[in-house]
Amino acid sequence: VVRRHLLQRYEHQPFISCLAGFYSCRWKRYQRRRTEPGKCCCKTVNQLKIGTDIDFCVGTAFCFSLLFLYMWGEAKNDYNNFDWYNYGNLGFWFLWSLVLLIVAAILFTYITLLLVLAMCLLAEGQQLYLHWSHKIGTFLVLGFSITALFVLSVLWGDQWKTVRLSFQITAPYLHIGAITIMVLLSWPVALHAIRADKKVVQVIIVGPYLAILLFLFLIPLGMYSPCIREMGTLGPKPALIGHRGAPMLAPENTEMSFQKTIEHHGDGLETDVTISYDGVPFLMHDSTLRRTTNIKEVYPNDTAQNAALFSWDTLKELNAGTWFLKDKPFSCMGSLSRADQNQAMNQSIYKLSNFLRLADSQNKLVIFDLYRPPEKHPYRNSWINRTLEVILNESGIRPHLVLWLENDMRSFVQSVAPGFQQTMGSKAPVEDLVMDNIVKLNLAYTEMSSEDIRKYAEANITTNLYVVNEPWLFSLAWCSGAHSVTTNAVHTLKNLSQPLFLMTPQQYNVMWILTDLTSALLISLIFAL
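Looking up the protein in an unreviewed UniProt entry gives the name Glycerophosphodiester phosphodiesterase domain-containing protein 5, with the organism given as Pygoscelis adeliae.

Put into structure tokens, the structure is as follows:
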């Protein structure tokens, strides 16, 4: 009688009161409820069911928010493309990618704290009373995560390829993280199993947990990563080709940008070539001049006009650098020195001929996308001929430094410029590539495959991957055998002396076995206690 009387007392339990206060907004003393041996377990099962239903909603929101945060975190390599896409639709530049990352991190942190509180309350034998404000927050996190995943899958489905590639790097460490979570969950699972009076209930609680744990123990058997390899089998570091120069350090496609690439010992230069109305090839990525020049201030009525419809006399007077200091196109840009700021403010549109002379003087490879002029343009049908004329007759660049990418009139180009390195922008059978004298493939990094790279290399066809900015992605390209990468971050990747996450199979096996054995021992001790 005394024992039951004590159980019914509302004791002052600061820890439980604090947990329940944050979770349920009930800042009162809580009764500690436990099931006595031999007592009917219906009440306990009902309590467990209520707690499980609430915890399931929080757990589901946690899983979706974690999935989105991981997906968007790995998408950092392409944040500039995302912001550029939004600029094209909204008409102004903003770092939406960074905002989305911050929101995803905040929501994930919130739902993680809720889940931890719920698990702690369940471990203490308390019922879960989720406050209405937290219910709204939970559904907000769930709705935001699902909506964001759906929208990005529709508009930017290739990003899932990036996620799949990331698993080749992160899988061993995600495995350790998952095992750690299972060890932490073992305590509440063991408590609920012990408090259950019926064997069936214990099996229902412990069975799924052990099944998931066994799956996690064995999943490394199916893991593959090119960065897990024997000593001495790693190929040379991929060459670095500056994407529009060094656009994190200077305005893209300007002389300053290419000079920065050269200063940081880049191996090549990549750009985009458009032809002016009077036949002068110049460097411009966008179809209009609105984003990267001051056209809005000088010719406000012509901001939507195609860049190829302007004469060179007009183009050369535009400023191509002030936008860089104003918009800051990359979230990871460092602060520029005063000298660099002044230099950036005075950049102008760069001619192809000057670009080629710079590359030749520094012995740098060049590769460029060549844009065909719009309808009614004087050079609409002679754009390739005009470009070849500048390369061969005006620039004086040595032919072997040119990686010719344009596929139109390739046979003609080979006949007039046999020294160009013929480059293809898509995968094809090796026999076809050899027949067309292709010596290099220029592929999106999402098409990365160590098997394909090795197959092409056996036929003396090297592979360049674009655009690779993140160290983990560059490390994966290195381990996969890529010969070169096009990057916005020459200054960062140049400092890597070896791939990140590189390890031997023996080292990985030790890490895997120690993780499994240690976690199994800890879980066994928890269940034994």
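(A) Quick look at the domain arrangement of the protein. Per the domain assignment, the segments of the protein are domain 1 (48-227 + 510-528) and domain 2 (240-286 + 350-501). The C-alpha-based centres of domain 1 and domain 2 are spaced at 40 Å. With 17 residues of domain 1 at the contact, the number on the domain 2 side is 18 residues. Here domain 1 packs against domain 2, burying approximately 1600 Å² in sum over the two surfaces, 61% of which is carbon and sulfur. Of all residues in domain 1, the largest losses of buried area upon contact with domain 2 belong to Asn77, Leu165 and Ile169, amounting jointly to 38% of the total for that side. Our enumeration of links across domain 1 and domain 2 arrives at zero salt bridges.

(B) Representation of the side chain of Asp360 in the model. Position of Asp360 relative to the elements: it lies in helix H14 (residues 352-361). Ignoring any residue separated from it by four or fewer positions in sequence, one finds Asp360 in contact with Gly396, Ile397, Arg398 and Leu401.

(C) Highlighting empty space enclosed by the protein. Enumeration according to the criterion identifies three cavities of 30 Å³ or more in this entry. Volume-wise, the largest cavity comes out at about 70 Å³. Lining of the largest cavity is provided by Glu252, Asn253, Thr254, Leu283, Met284, His285, Thr292, Ala320, Ile349 and Tyr350. Of the residues that constitute the lining of the largest cavity, the class distribution is five nonpolar, four polar and one charged.

(D) View of the layout of surface pockets. Roughly 970 Å³ of internal volume is contained in the second largest pocket. Taken together, 42 residues form the lining of the second largest pocket, with Asp78, Asn81, Phe82, Trp84 and Trp156 sitting closest to its centre. Broken down by secondary-structure element, the contributors of at least two residues to the lining of the second largest pocket are helix H4 (79-90), helix H6 (132-155), helix H7 (159-195), strand E2 (268-275), strand E4 (365-370) and strand E7 (440-444). The residue inventory of the lining of the second largest pocket, partitioned by class, reads 19 nonpolar, 15 polar and eight charged. Counting only domains with at least three residues in the lining of the second largest pocket, you end up with domain 1 (48-227 + 510-528) and domain 2 (240-286 + 350-501).

(E) How the structure looks around the UniProt feature "transmembrane region" (unreviewed entry) in the protein. If you check UniProt for "transmembrane region" (unreviewed entry), the listed places come out as residues 56-73, 93-124, 136-157, 169-191 and 203-224 in our numbering. Counting secondary structure, residues 93-124 comes out at 88% helix and 0% strand; the distance between its end C-alpha atoms is 51 Å. The span residues 169-191 is 100% helix and 0% strand, and its two end C-alpha atoms sit 36 Å from each other.

(F) Up close: the state of the cysteines. Taken as a whole and judged by the stated rule, the model has one disulfide. Bridging Cys227 to Cys479, the disulfide has an S-S length of 2.4 Å. Around the S-S axis, the bridge from Cys227 to Cys479 shows a dihedral of about 105 degrees and counts as right-handed. Here Cys479 lies in helix H19 (residues 471-480) and Cys227 lies in the loop between helix H8 (199-218) and strand E1 (239-243), a separation of 252 residues in the sequence. The exposure classification of Cys227 matches that of Cys479, with both residues buried. Cys18 takes part in no disulfide bond, and the closest cysteine sulfur to it belongs to Cys120, at a distance of 10 Å. According to the relative accessible area criterion, Cys18 is partly exposed, its value standing at 34%. Among the cysteines around Cys57, which has no disulfide bond, Cys63 carries the closest sulfur, lying 12 Å off. In this structure Cys57 comes out as partly exposed when scored by relative accessible area, which is 35%.

(G) Summary view of the pattern of salt bridges. Overall, the coordinates contain 15 salt bridges when judged by the stated rule. The partner of Asp272 in a salt bridge is Arg244, with the nearest N and O atoms 3.7 Å apart. Taken as a pair, Asp272 in strand E2 and Arg244 in the loop between E1 and helix H9 (255-263) lie far apart in primary sequence, 28 residues in all. One exposure class covers both Asp272 and Arg244, and it is buried. Here Lys260 ties to Glu263 by a salt bridge, and the two come within 3.8 Å at their closest N and O atoms. Taken together, the residues span about one helical turn, with Lys260 and Glu263 both in helix H9 at a distance of three residues. Residues joined by salt bridges that share partners form a network here, namely Arg244, Glu252, Asp272, Asp286 and Arg291.

(H) Expanded view of the packing of H4 against helix H5 (residues 96-123). Between H4 and H5, the shortest axis-to-axis distance is 8 Å and the interhelical angle comes to 115 degrees. On H5, the residues touching Tyr79, Phe82, Asp83, Asn86 and Leu90 of H4 are Trp96, Ser97, Leu100 and Leu101. Residue composition of the contact of H4 with H5, grouped by class: six nonpolar, two polar and one charged.

(I) Seen up close, the UniProt feature "domain: GP-PDE" (unreviewed entry) in the protein. In the numbering used here, UniProt assigns the feature "domain: GP-PDE" (unreviewed entry) to residues 238-497. For residues 238-497, the helix share is 35%, the strand share is 17%, and the end-to-end C-alpha distance is 11 Å.

(J) Unusual backbone geometry, seen in detail. With an omega dihedral of -25 degrees, the bond running from Tyr466 to Val467 counts as a cis peptide bond. In this structure, Val467 sits in the loop between strand E8 (462-466) and H19. Its identity as a non-glycine residue notwithstanding, Arg244 has a phi of 60 degrees, on the positive side. Positive phi, normally seen in glycine, also occurs at Asn363, with a value near 60 degrees. With respect to the secondary-structure elements, Asn363 resides in the loop between H14 and E4.

Each value, and the rule that gives it
- Residues numbered from 1 in each chain as written.
- Predicted model: local features only at pLDDT ≥ 70, side-chain atom pairs only at ≥ 80, totals over all residues.
- Heavy atoms only, no water.
- Domains from an automatic or database assignment.
- Contact = heavy atoms within 4.5 Å.
- Buried area = accessible area lost by both parts, 1.4 Å probe.
- Salt bridge = Lys/Arg side-chain N within 4 Å of Asp/Glu carboxyl O.
- Helix = DSSP H or I, 4+ residues; strand = E, 2+ residues; numbered from the N terminus.
- 1 Å grid on protein atoms, 1.4 Å probe; cavity = no way out; pocket = protein on both sides within 12 Å on 5 of 7 lines; lining within 4 Å.
- Points joined across faces, edges and corners; volume = space filled by probe spheres on them.
- Nonpolar A, V, L, I, M, F, W, Y, C, P; charged D, E, K, R; others polar.
- UniProt positions renumbered as here; feature names shortened; annotations may be inferred.
- Disulfide = S-S within 2.5 Å.
- Buried < 20%, exposed > 50% of the residue type's maximum accessible area, 1.4 Å probe, protein only.
- Axes fitted to C-alpha atoms, helices over the stretch in contact; angles between N-to-C directions.

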